[in-house]
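Geometric and topological summary
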Amino acid sequence: MSEAPQFESFEALAVPLFDQLYNFAHWLAQNRAEAEDLVQETYAKALRGFSSFQPGTNFRAWMYRILRNTFLTSRTGLQAAKTVGLDDDGDASAVVSDGGTPETILIERSNQKMVQEALSDLPVKFREILLLCEVEEMSYQEIAETLSIPIGTVMSRLSRARAALRDLLRQKIKNN
Amino acid sequence: MACEQWSAKLDTYLDGELSADETRSFDAHVRSCAGCAADALACVQLRNLVRTAGRSFTPSPDFRMRVLSPKRKRKPLFAWALASVAGVILIAVSLSFVGQQRARRAQIFGELADLHIAALASTNPVDVVSSDRHTVKPWFEGRIPFSFNLPELQNTDFSLVGGRISYLEQIPGAQLIYRLRKHQISVFIFPDRDVPTSLFGGARERTGFSQETWSEHGLRYFIVGDTGADDITRLSNLLKRAQKQ
């Protein structure tokens, strides 16, 4: 394949993902400059490695995986990994602990700003899986590909992430 | 199945990841159980909040430009296309420019031919009637804002009939009429800056008239006559030589 058509097809696939990749990068890095570096590096890496991308497989998951791996090896990413072990996924059933505030009240008193803060406060591994699921609306399979984890882990981690988000929201509502 | 068992699957259900059978059962249960329906609704609302809150950041236009249209990367994709588009436009523009130049040149030659014919058809073809160049040249002084030399015609078969003021596109210039055998030839002289000089070159025949033009010392000379091109060239050489005196 000559270089030009290859770049063309890369561009056709990668350009539509730009905004959402940036949003994801900003949530991971938590600041604009670093998010821009992440996205730029992701696009450069993806373009370089595009020949290794298998046509027919999930391009979006491939791009997010590159972005995430880039983040994990960045300074901020390494720090985040230090604070929370990324692989200590427990049994999902163990964390279904929705005691306290009933769901309906939780929702009534939550607002967007509060949810934003709660997302920022979440450990990276919960934040990223919630974003992939709720914001990017990825399937479990896509999330599994992106995060390079089994589908079972996707389910348990998602469950823990949702529980953690609810806990954070409850705290915020209590403190308000 | 008890509600606790359903609620354990609520997220998976809302994620659309239950099997088709389970999804159908869940749908039926939610329709019949107010408590589970309320939980599901609350869950959906929270998800919507997360979805909205999660879409907080948009790339700046600058950054988008930097990543998506770097010149270097664009090259294989767009540079050639751009270059060829630019090329086509350039060619089109130059062709139309050349076309315009041609049209304008034809127009000027046409006007000069008209002036020549009009002068010859007039009852007074010339305002200063003299075969003496030393009479004709001073007559133009004060009438046109430039000066020129007239050739010595002794030992040639040309003779000077006279001169008149002529106007080309409202610009005053000199028109000299020469006679060669039975033919009359007009020589027009205009200030160069007022006539598009790059348009002209060489002798040519058009509409039955031979025409020649050149530029010298800031003056544009045109010769129009119904003689052969050779005669026109001889006259032009005489005039050119005269300017060097």
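Placed above this text is the structure.
Owing to the predicted nature of the structure, the values given are computational and were not obtained by experimental measurement.

Description of the pairing of strand E2 (residues 158-168) of chain B
All names here are of chain B. Of all eleven residues in E2, nine are buried, a share of seventy percent or more. Where strand E1 (residues 128-129) meets E2, two bridges bridge the pair, whose relative direction is antiparallel. By the bridge assignment for E2, Val129 is matched with Gly162. Here E2 pairs with strand E3 (residues 171-180) via ten bridges, running antiparallel. Within E3, the residue paired with Ser159 across the bridge is Arg179. Here E2 hands over to E3 after two residues, with Glu169 in that stretch at a positive phi of 50°.

Regarding helix H8 (residues 124-135) of chain A
All names here are of chain A. Burial analysis of H8 places twelve of its twelve residues in the buried class, which makes it a mostly covered element. For H8, every residue scored as buried is listed here: Val124, Lys125, Phe126, Arg127, Glu128, Ile129, Leu130, Leu131, Leu132, Cys133, Glu134 and Val135. Positive backbone phi, at 55°, marks Glu137, one or two positions downstream of H8.

Things to note about empty space enclosed by the protein
Rolled over the atoms, a probe sized like a water molecule indicates the empty space that remains. With the rule as written, the count across this model stands at two cavities of 30 Å³ or more. Reported here for the second largest cavity is a volume of approximately 60 Å³. What lines the second largest cavity is Leu130, Glu134, Arg162, Leu165 and Arg166 of chain A together with Asp11, Cys43, Leu46, Arg47 and Val50 of chain B. The set of elements that each furnish at least two residues to the lining of the second largest cavity consists of H8 and helix H10 (151-175) of chain A together with helix H4 (34-54) of chain B. At four residues, the largest contribution of residues to the lining of the second largest cavity is made by H4 of chain B. The residue makeup of the lining of the second largest cavity, split by class, is five nonpolar, no polar and five charged.

A word on the pattern of salt bridges
Residue and element names in this part refer to chain B. Tallying each qualifying case throughout the model produces 24 salt bridges over all chains. For Glu22, the salt bridge goes to Lys9, with nearest N and O atoms at 2.6 Å. With a gap of 13 residues between them, Glu22 in helix H3 (residues 20-32) and Lys9 in the loop between helix H1 (3-8) and helix H2 (10-14) connect regions that are remote in the sequence. Among the residues examined, Lys9 registers a relative accessible area of 26% and is labelled partly exposed.

Description of the state of the cysteines
All names here are of chain B. For the structure shown, the criterion picks out zero disulfides over all chains. Cysteine Cys33 shares no disulfide, and the gap to the nearest cysteine sulfur, in Cys3, comes to 3.6 Å. Owing to a relative accessible area of 15%, Cys33 belongs among the buried residues under this scheme. The thiol sulfur of Cys36 is not disulfide-bonded, and the nearest other cysteine sulfur, from Cys3, lies at 3.7 Å. Overall, Cys36 belongs to the buried group, its relative accessible area being 7%.

Side note on the nonpolar core
Formed by 63 residues in total, the largest nonpolar core has its most connected members in Tyr43, Phe59, Met63 and Leu119 of chain A. Built from parts of two domains, this core gets at least three residues from each of domain 1 (2-53 + 101-243) and domain 2 (62-99) of chain B. Those residues in contact with Met63 of chain A, other than ones at most four positions away along the chain, are Phe10, Ala14, Leu17, Leu21, Thr42, Tyr43 and Ala46 of chain A. Ranked by size, the runner-up nonpolar core spans 27 residues in total, among them Val128, Phe148, Ile165 and Trp214 of chain B.

Definitions and limits used
Residues numbered from 1 in each chain as written. Chains lettered and ligands numbered in written order. Predicted model: local features only at pLDDT ≥ 70, side-chain atom pairs only at ≥ 80, totals over all residues. Heavy atoms only, no water. Buried < 20%, exposed > 50% of the residue type's maximum accessible area, 1.4 Å probe, protein only. Helix = DSSP H or I, 4+ residues; strand = E, 2+ residues; numbered from the N terminus. Pairing = 2+ DSSP bridges. 1 Å grid on protein atoms, 1.4 Å probe; cavity = no way out; pocket = protein on both sides within 12 Å on 5 of 7 lines; lining within 4 Å. Points joined across faces, edges and corners; volume = space filled by probe spheres on them. Nonpolar A, V, L, I, M, F, W, Y, C, P; charged D, E, K, R; others polar. Salt bridge = Lys/Arg side-chain N within 4 Å of Asp/Glu carboxyl O. Disulfide = S-S within 2.5 Å. Core = buried A, V, L, I, M, F, W, Y, C linked by side-chain atoms within 4.5 Å. Domains from an automatic or database assignment. Contact = heavy atoms within 4.5 Å.

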